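What the coordinates show
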Amino acid sequence: MVLKGKFKMMQVYNALIEDSNKVNWYHMMQHNIARPRANVIMWLVSQDRLPTKTRLKRFGLLQLTNCELCDEDEETMTHLMFNCKGTISIWSKILNWLDINDNISTGSKGKPMGKTGKWDYLKPL
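Residues numbered from 1 in each chain as written. Predicted model: local features only at pLDDT ≥ 70, side-chain atom pairs only at ≥ 80, totals over all residues. Heavy atoms only, no water.

Observations concerning the overall build of the chain
- Of regular secondary structure, the chain possesses six helices and two strands.
- When the helices and strands of the chain are placed in sequence order, the string is β-β-α-α-α-α-α-α.
- In the chain, which comprises 125 residues, the proportion classed as buried is 30%.
- Pairs at least 24 residues apart make up 30% of the contacts formed inside the chain by residues separated by at least 6 positions.
- Surface exposure of the chain reaches about 9500 Å², of which carbon and sulfur atoms provide 57%. (Helix = DSSP H or I, 4+ residues; strand = E, 2+ residues; numbered from the N terminus. Buried < 20%, exposed > 50% of the residue type's maximum accessible area, 1.4 Å probe, protein only. Contact = heavy atoms within 4.5 Å. Areas by Shrake-Rupley, 256 points an atom, 1.4 Å probe, with all protein chains shown as cover.)

Considering a nonpolar patch on the surface
- There is a patch of nonpolar side chains on the surface, built from I90, I94, W97, L98 and I100 and spanning about 530 Å² of accessible area.
- Structurally, I90 can be placed in helix α6 (residues 85-97). (Patch = residues over 30% accessible without salt bridge, like charges linked within 9 Å, V, L, I, M, F, W, Y side chains within 5 Å. Salt bridge = Lys/Arg side-chain N within 4 Å of Asp/Glu carboxyl O.)

Description of unusual backbone geometry
- Phi is positive for D48, which is not a glycine, with a value near 55°.
- Looking at the element boundaries, D48 is found in the loop between α3 (36-46) and α4 (53-58).
- Among the residues examined, D48 registers a relative accessible area of 39% and is labelled partly exposed.
- Even without being glycine, D71 reaches a positive phi, approximately 55°.

Describing α6
- In a regular helix each residue adds 1.5 Å, so 13 residues correspond to 18 Å; α6 covers 18 Å between its end C-alpha atoms and thus fits that length.
- Inspection of α6 places G86, T87, I88, W91 and L95 among the buried residues, and these make up the whole buried set.
- The inward-facing, buried residues of α6 abut α5 (77-83).
- Downstream of α6 by a residue or two, D99 has a phi angle that is positive, lying close to 60°. (Expected span 1.5 Å × (residues − 1).)

Given below as structure tokens:
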């Protein structure tokens, strides 16, 4: 970690990456072209630490927890990432822009992506 008397943060970072356990969503977090902010958000999602309204209410910072995008359900991490009509639309547009043909708007039984959706590998372990 110390090279010629100088501490190198990059060496610590590389050591942590090399020794880390790889999970099925590893490729989404490491060595990709996403902006650092997007990587941080994905890391927060993977750790179930996204500051959703439900979490903020638990800390006493908010009173209402309804989703701002669809106003149909409580704003939880799972709802925002997989079940919200607003984010499903965003995900569909992103996949379309990336030329990925994947219908994420519904799961196997025609319901919004939830616990049985085909994108389950994105959810925290």
